[in-house]
Amino acid sequence: MLNQAATDPTLEDVEAGPAYARIGRAIRYLSENYAKQPDLDAAASVAALSPYHFQRLFTRYVGVSPKSFVANLTLERAKAELASGASVLDAAIDAGLSGPSRLHDLCLKVEAMTPGAYAKGGEGLTIRYGFHPSLFGTALIMATEKGVCGLAFCDDGEEVEMLSDMTGRWPRAHFVEDAGTTATYAERIFATKGKVPIVLIGTPWQIKVWRALLAIPRGKVTTYRALAAQICDPKSARAAGTAVGRNPISWLIPCHRVLGSDGALHGYHWGLTRKRAMLAYEAARVGAS
């Protein structure tokens, strides 16, 4: 196992904010150019760091070296996982979803709101939100008094559009900008420090699909068809895919772990480059464990 300092970056570190941004830019660059096998100097330049400093920070925050990260960006890695991914999902769902924290790499406490809350557009809900740095770009964290109900990602300059996208899901809720409150959740999510309560606000079908996503282990992937088969019927793959695409809590509910039947990346709401980076990050860390 990697030691705790190497695997769990903490927001308490004075370097964490700037480092997240720098290493996040490098992750995006490597995810877009992995086929060209970019060297250390090129990636370090994107992060505006010396090669030595970049190698040290990247390994600290990502858990593996830049070279190892690039090795995990190929789709062949994901395709190979598909062979066992479906069986793993099957076993996890058979074990029951009453306690999904046992099936997820983060310690989650999951609660679903009544369908009425979704049908009313979030009327009566107060949702606090804040923007925070992460390795996958700027993260928008949204939370009710019971826990995180939204987690989205964007690049610099896209914050307004991202916020509009997320608030539009619950148009009658009352939204309050409160980065102080959501910073606590940011630390738990990105530094994996403490339990993260999440609140699912959606239709009964969407919530059923989102709960199934929690059964996909870190470092594994499945397909839309296999996911639908475990829930009800393989013919429901399109409907399952639509629900996956409406997942409001990215990363924590790992919709990025669902691929097309051919192993290709399809339909990630926050961008396929980001999806590729997330999969590579998880595969690299699992491989280094």
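Scroll up to find the structure.
Computed from a predicted model, the values in this text were never measured in an experiment.

Participant: I'm lost on the pattern of salt bridges in this one. Help?
Facilitator: Where charged atoms from two side chains of opposite charge come close, those side chains can pair. Considering all chains together, one arrives at 8 salt bridges under this definition. With a closest N to O distance of 3.4 Å, Asp155 and Arg28 form a salt bridge. Residue Asp155 is located in the loop between strand E4 (147-154) and helix H8 (159-167), and its partner Arg28 is located in helix H2 (residues 16-33); the two are separated by 127 residues in the primary sequence. Overall, Asp155 belongs to the partly exposed group, its relative accessible area being 22%. A residue is classified by how much of its surface remains accessible, and Arg28, at 31% relative accessible area, is partly exposed. Residue Glu123 is joined to Arg172 by a salt bridge in which the shortest nitrogen-to-oxygen separation is 3.8 Å. Here Glu123 is found in the loop between helix H7 (115-119) and strand E2 (126-134), whereas its partner Arg172 is found in the loop between H8 and strand E5 (174-177), with 49 residues between them in sequence. Overall, the relative accessible area of 56% leaves Arg172 in the exposed class. What emerges from the salt-bridge pattern is a single network uniting Arg28, Glu32, Asp155 and Arg274.

Participant: Explain the side chain of His256 to me, please; I cannot follow it from the model alone.
Facilitator: Position of His256 among the secondary structure elements: in the loop between helix H12 (237-245) and strand E8 (258-259). The exposure class assigned to His256 is buried, which follows from its relative accessible area of 0%. Within the structure, the side chain of His256 is placed 3.1 Å from the side chain of Glu282, a separation counted as a polar contact. Excluding residues within four positions of it along the chain, His256 makes contact with Trp251, Tyr268, Lys275, Met278, Leu279 and Glu282.

About the cut-offs
Residues numbered from 1 in each chain as written. Predicted model: local features only at pLDDT ≥ 70, side-chain atom pairs only at ≥ 80, totals over all residues. Heavy atoms only, no water. Salt bridge = Lys/Arg side-chain N within 4 Å of Asp/Glu carboxyl O. Helix = DSSP H or I, 4+ residues; strand = E, 2+ residues; numbered from the N terminus. Buried < 20%, exposed > 50% of the residue type's maximum accessible area, 1.4 Å probe, protein only. Polar contact = N/O pair within 3.5 Å; in protein donor to acceptor, adjacent residues only side chain to side chain. Contact = heavy atoms within 4.5 Å.

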